[in-house]
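Tertiary structure, described
The lines below spell out each chain.
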Amino acid sequence: MTSPTDDRSATEIPENFRALVARHTDDGVDLTSETVDLSFLPEGEVVVRVEYSGANYKDALAVTPKGGVVREYPIVPGIDLAGVVVSSTSDGVSVGDRVVAHGYEIGTGRHGGYAEYARVPAEWVVPLAEGLSTADAATIGTAGFTAALSVQALLARGLTPSDGPVLVTGASGGVGSVSVDLLSQAGFEVVASTGKESAHDLLTTLGASSIIGRLPEDPDAAPRPLGKAQWAAAVDCVGGKTLAHVLSTTRYGGAVAASGLTGGAGLSTTVLPFILRGVALLGIDSVQLPIEARRTLWNGLAGSLRPSRLAEVTTEVTLDEVAGVLDSLRDGATIGRTLVRVG
């Protein structure tokens with residue numbers, strides 16, 4: 001394991017620092033504040049003084065018994081981390097760089113962002129472009145990054161505002177709310193689907209042209225192989241029956257960018273939307289995306305792809321408040337993004 005004194009460039013790292021550690025117990029998973037040292041962290045070329053993290057549904061699953069995302073406990077959750085490099089043995093990352101890291105095994109297979117320091121492989125690190133602070137990067141986080149990937153995938157298919165309305169499901173969540181923002185910025189008519197009436201005003205502020213309830217309207221009804229064609233395209237953050245319904249109601253030649261499974265991992269549908277309407281199902285993955293593509297997109301998020309209304313959907317909390325936020329996320333009661341102030 002590399003120690004700070006072995007590095008070509010390093011700043012002082014305290015002997016002990018704070019971390020929120022999830023440990024598996026007979027009664028479930030306990031998330032507690034602990035004092036740890038650098039030896040607690042996994043191997044890696046870059047040590048980051050974490051300033052901000054985020055709260056995501058996957059973080060909630062990490063502290064849920066049988067949540068299915070953590071390889072082995074104990075784990076420091078936090079799939080997003082943003083801060084300043086304090087130690088590096090990599091030519092591509094320097095001490096003093098403002099960086100963001102997310103995806104890969106962060107917060108699930110190795111310790112993540114809910115600690116004052118994190119150590120990660122250099123090839124997982126994205127130096128931030130000018131104009132993007134660590135707070136901005138963590139606010140965008142995995143959710144905003146996934147939203148940007150989804151919108152880019154639809155644009156790459158040739159989608160234009162003149163094609164018609166674009167549906168966003170799970171619109172009050174992190175990915176959904178940023179998707180509404182990005183699509184409306186680009187001039188699209190955005191139909192936001194949510195089951196939370198309390199989110200309507202916020203979604204209107206983000207640029208939603210209209211707001212509808214959860215889909216399908218009758219979740220107990222047998223799904224129709226093909227429904228009325230309504231959407232030029234869609235960003236689906238829910239999965240399950242919702243995704244099946246969206247596929248069956250997408251217009252000829254349309255596309256659905258799918259990234260979520262809060263509505264279930266199963267997909268009960270037919271081939272009819274694909275072979276009779278030419279609908280494309282685009283899988284969106286922000287976890288294993290190669291680092292060069294990741295860095296390119298982050299440069300875009302510092303510029304033309306930057307969400308313009310993110311402050312409207314973001315709540316800031318401290319590490320002491322994270323456990324309650326994760327409970328709320330698990331219960332589906334959270335709206336928008338949550339920024340976690342770590343440092």
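Residues numbered from 1 in each chain as written. Predicted model: local features only at pLDDT ≥ 70, side-chain atom pairs only at ≥ 80, totals over all residues. Heavy atoms only, no water.

Some remarks on the overall build of the chain
In terms of regular secondary structure, the chain is built from eight helices and 16 strands. For the chain, whose C-alpha radius of gyration is 20 Å, the value lies close to the compact-globule estimate of 20 Å for 343 residues. Burial status across the chain gives 53% buried among its 343 residues. Of the contacts formed within the chain by residues at least 6 apart in sequence, a portion of 71% connects residues at least 24 apart. Total accessible area on the chain stands at roughly 14,400 Å², and carbon and sulfur atoms take up 48% of it. Charged side chains in the chain number 25 positive and 39 negative. The centres of these two groups are separated by 7 Å. (Helix = DSSP H or I, 4+ residues; strand = E, 2+ residues; numbered from the N terminus. Rg over C-alpha atoms; globule rule 2.2 N^0.38 Å. Buried < 20%, exposed > 50% of the residue type's maximum accessible area, 1.4 Å probe, protein only. Contact = heavy atoms within 4.5 Å. Areas by Shrake-Rupley, 256 points an atom, 1.4 Å probe, with all protein chains shown as cover. Lys, Arg positive; Asp, Glu negative; His and termini not counted. Charge placed at Lys NZ, Arg CZ, Asp CG, Glu CD.)

Considering the sheet that holds strand S9 (residues 166–168)
Read across the open sheet, the six strands follow the order S11-S10-S9-S12-S13-S14; overall the sheet is parallel. Either end of the sheet is taken by a strand with one partner, and the two such strands are strand S11 (210–212) and strand S14 (280–283). Going from strand to strand, the sheet's axes swing by 20 degrees on average, the running direction of each strand aside. Pairing of S9 with strand S12 (residues 231–236) involves three bridges; the strand directions are parallel. The residue bridging Val168 from the neighbouring strand is Val235, located in S12. (Pairing = 2+ DSSP bridges. Axes fitted to C-alpha atoms, helices over the stretch in contact; angles between N-to-C directions.)

Quick notes on the pairing of S14
Burial along S14 is one-sided: the residues Ala280 and Leu282 are buried and none of Leu281 and Gly283 is. With four bridges connecting them, strand S13 (residues 250–258) and S14 associate as parallel partners. Its bridge partner lying in S14, Ala258 is registered against Gly283.

Looking at the pattern of salt bridges
Here the idea is simple: oppositely charged side chains can pair when their charged atoms come close. Summed over the entire model, instances satisfying the criterion amount to 10 salt bridges. For the salt bridge of Arg295 with Glu292, the shortest nitrogen-to-oxygen distance reads 3.5 Å. With Arg295 and Glu292 both in helix H7 (residues 291–301), this residue pair falls three residues apart, about one helical turn. By relative accessible area, Arg295 is classed as partly exposed at 23%. (Salt bridge = Lys/Arg side-chain N within 4 Å of Asp/Glu carboxyl O.)

Some details on a nonpolar patch on the surface
The grouping of Val271, Ile275 and Leu276 at the surface amounts to a nonpolar patch, some 300 Å² of accessible area in total. Here Ile275 is to be found in helix H6 (residues 272–276). Classification of Ile275 as exposed rests on a relative accessible area of 60%. (Patch = residues over 30% accessible without salt bridge, like charges linked within 9 Å, V, L, I, M, F, W, Y side chains within 5 Å.)

Description of H7
Of the residues making up H7, those classed as buried are Ile291, Arg294, Leu297, Trp298, Gly300 and Leu301. Of the surrounding elements, those touching the buried residues of H7 are strand S6 (98–102), strand S8 (126–127) and helix H2 (134–156).

Digging into helix H5 (residues 240–248)
Along H5, seven of the nine residues are buried, which leaves the element largely enclosed by surrounding structure. Three or more residues of H5 are buried, namely Gly240, Thr242, Leu243, Ala244, Val246, Leu247 and Ser248. As for H5, its buried residues are in contact with S9, S12, S13, H6 and S14.

Points about the packing of H2 against H7
H7 packs onto H2 with a crossing angle of 105 degrees between their chain directions and a minimal axis gap of 10 Å. In terms of orientation, H2 and H7 fall into the roughly perpendicular class. Residues Ala137, Ile140, Gly141, Phe145, Ala148, Leu149 and Gln152 of H2 form the contact with H7, whose own contacting residues are Arg294, Leu297, Trp298 and Leu301. Grouping the amino acids of the contact of H2 with H7 by side-chain chemistry returns eight nonpolar, two polar and one charged. (Parallel < 35°, antiparallel > 145°, perpendicular 65-115°, else oblique. Nonpolar A, V, L, I, M, F, W, Y, C, P; charged D, E, K, R; others polar.)

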